[in-house]
Amino acid sequence: MGSLFRASKTLKSQKYLSLLHTYSNFPPFASTFTLNDSRFGVAHDFCSNSRQNSIDLAQYSPERIRNFSIIAHVDHGKSTLADRLLELTGTIKRGHGQPQYLDKLQVERERGITVKAQTATMFHKCNHNGSNTKDVDKAPTFLLNLIDTPGHVDFSYEVSRSLAACQGALLVVDAVQGVQAQTVANFYLAFESNLAIIPVINKIDQPTADPDRVKAQLKSMFDLEPNECLLTSAKTGLGLEQVLPSVIDRIPHPPGNTSSPLRMLLLDSYYDEYKGVICHVAIVDGMLCKGDKISSAATGYTYEVADVGIMHPELTPTGVLLTGQVGYIVSGMRSTKEARVGDTLHHNRFSVEPLPGFKPARHMVFSGLYPADGSDFEALNHAIERLTCNDASVSVTKESSSALGLGFRCGFLGLLHMDVFHQRLEQEHGAHVISTVPTVPYIFEYSDGSKVQVQNPAMLSSDPKKRVTASWEPTVLATIIFPSEYVGPVITLCSERRGQQLEYSFMDSQRAFMKYRLPLREIVVDFYNELKSITSGYASFDYEDSDYQESDLVKLDILLNGQAVDAMSTIVHKLKAQRVGRELVDKLKKFIDRQMFEITIQAAIGTKVIARETISAMRKNVLAKCYGGDVTRKKKLLEKQKEGKKRMKRIGSVDIPQEAFHELLKVS
Ligand SMILES: Nc1nc2c(ncn2[C@@H]2O[C@H](COP(=O)(O)OP(=O)(O)OP(=O)(O)O)[C@@H](O)[C@H]2O)c(=O)[nH]1
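Residues numbered from 1 in each chain as written. Predicted model: local features only at pLDDT ≥ 70, side-chain atom pairs only at ≥ 80, totals over all residues. Heavy atoms only, no water.

The protein chain is annotated in an unreviewed UniProt entry as Translation factor GUF1 homolog, mitochondrial from Salix udensis. Checking UniProt for the protein chain, the heading Function (unreviewed entry) contains the comment "Promotes mitochondrial protein synthesis. May act as a fidelity factor of the translation reaction, by catalyzing a one-codon backward translocation of tRNAs on improperly translocated ribosomes. Binds to mitochondrial ribosomes in a GTP-dependent manner." (UniProt positions renumbered as here; feature names shortened; annotations may be inferred.)

Written out as structure tokens, the structure is:
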């Protein structure tokens, strides 16, 4: 495409026209496309659909496109920096009154974290040598696709997918906190994807900012040159003018072949009530027009493109997407099973070599999801299907529990991911769910020689002929960075969690760096909170999955009035069974209201009871504190009690509130 712009005006338009006719499904001259670039002198009719569209993408050859991500440790300022860049390029209004513009989900705004990668297309005039030109009118305009990514380790799958559409990344590091665990993880994700990395030291407005120390850390850990670091404050705007020129100058343009048949990578999708499935795509080769017929390499299904455009920052139809561009398509896909993230879409008339796609997500935590009201199973099914369209990293299979009825076993990338998924189910789809105790995927070997992966304790065979002869649990390689004065407590915590130290060094005089192999089971629940509390909030933590290790595992059952509640059983290390059993029983006692009869709560391994509590009988009288005769107040309290009961789950004869299930999740 580079030569395209060096060629004559006629050649340019002819080449585009011939490309369009070769690779689009439109017959020659039936479709027209308006090329408005004044340098061309003439306006060419090119594709009928873009006539109404004010943005003309035809003038952006790959040489004038930069696709980049913003990556960083949690809270180092990615979303704020993204806001400033969107304002700087006029993509959103300054003072638009909505900080962290790209954090669109309610859960993101409430928790102040990014959980979904978001793309926004910006246009910026700049001279290619990287300096903002004095003569703005003469400088060429670049099309910049910015992808804001989550920082939390549970969402690193989002980061690695986003990086597949990029050639470069801004590695944002807090000038006070310096390099943290997710800085290390994200750097290696970008490095292994061969991206150009621009270090950005942010928050330099802070009184305790120490950019020189951070520069030294970046040099010693990643060999990034101090003079390549940009110094910014996304809050005050200091130093921001260097960011986009550096992106244009230091990040290569997308490769891709404009004259090859269309190949586009499906990056993400979500369900829109009005438009159906909307897919985010990156055009790797060729071009796509509205009305084209495309096929999926994964499913073989064919679709007609009903709408195509860019996120600028909201969906903006352009009628066309060209090589190197990132945008969205609406193609009448009906379900999430059709929109497969990592799939290659191509014109149905040409068969193409599929793109490598993405590594499948590895699920770290499994949990059962059941409708709070058994009759809502279909509604929950529908809600999960819609949500997995926007979160392809969740695995879903149907399962049934004797206590909770029909439900789903879902695999998540971590506990925060699981929590966010629940919240989104409730907030975005109005579903009320009960989740079972999370478990990690164990492997068990039986006396008949068979081996099974167990994602649900209920799957463990109770057949006496099939005794468990060996068991294995998954482990992770954890990176922990923290101030050196906390070395003692961190080592103690890791040994309590059955960790094995692999590496121990100092990044500089103030910060220690440790690598541990830890059983996944030990970190999924509250390891990070504990680590934060023993280091006064200064430790950062990240992990990658590793091998399975042999381990002595047992199934721990919870019995209510002698009846086992399958949704509450869990698999634990034998040495920890006693403590975990006691904690589970104590928690349940706190959360189950006294009822008209006595309730016994027991924790047991096989037939051996290891902990027991009793709740004595009594009806909870909600009107006890309500003196006097205000009928409306009494009615209100009784209504509230009724509402509360609806949210309880009757197991055998015992009503268990939803919170009890949630509390059990926190026991490790
Ligand atoms: N003082 C100062 N504060 C900043 C700056 N940039 C961001 N912040 C603040 O830092 C906090 C985190 O900023 P975010 O932009 O949400 O960080 P993030 O990296 O996107 O966070 P995650 O999406 O959760 O990973 C917010 O309170 C911002 O206002 C800066 O340059 N200076």
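1. Overview of the confidence of the model for the protein chain
In this model, the protein chain carries a mean pLDDT of 80, and residues with pLDDT of at least 70 account for 80%. Contacts from residues 1-52, a stretch scored under 50 in pLDDT, to residues over four places away or in other chains number 108 contacts. For this predicted complex, the interface confidence comes out at an ipTM of 0.98, alongside a pTM of 0.74. (pLDDT = per-residue confidence, 0-100. Contact = heavy atoms within 4.5 Å.)

2. Considerations on the environment of Y516
Topologically, Y516 is positioned in strand β25 (residues 511-519). What makes Y516 buried here is its relative accessible area of 3%. Linking Y516 and L387, residues 129 residues apart in sequence, is a C-alpha distance of 35 Å. Not counting residues up to four positions away in its chain, the partners in contact with Y516 are V476, L477, A478, I480, I491, C494, G499, Q500, Q501 and L502. Of note is the side chain of Y516, whose polar atom sits 3.2 Å from the side chain of Q501. (Helix = DSSP H or I, 4+ residues; strand = E, 2+ residues; numbered from the N terminus. Buried < 20%, exposed > 50% of the residue type's maximum accessible area, 1.4 Å probe, protein only. Polar contact = N/O pair within 3.5 Å; in protein donor to acceptor, adjacent residues only side chain to side chain.)

3. Considering the sheet that holds strand β10 (residues 293-296)
If you walk across this open sheet you meet the 8 strands as β11-β10-β16-β7-β8-β15-β12-β13, and the pairing is antiparallel. Edge strands, defined here as strands with exactly one partner in the open sheet, are β11 (302-304) and β13 (315-317). Across the sheet, the mean angle separating the axes of adjacent strands is 40° when strand polarity is ignored. Relative to β13, strand β12 (residues 307-311) runs antiparallel, the two being bridged by 3 bridges. Bridge pairing links G309 to P317 in β13. (Pairing = 2+ DSSP bridges. Axes fitted to C-alpha atoms, helices over the stretch in contact; angles between N-to-C directions.)

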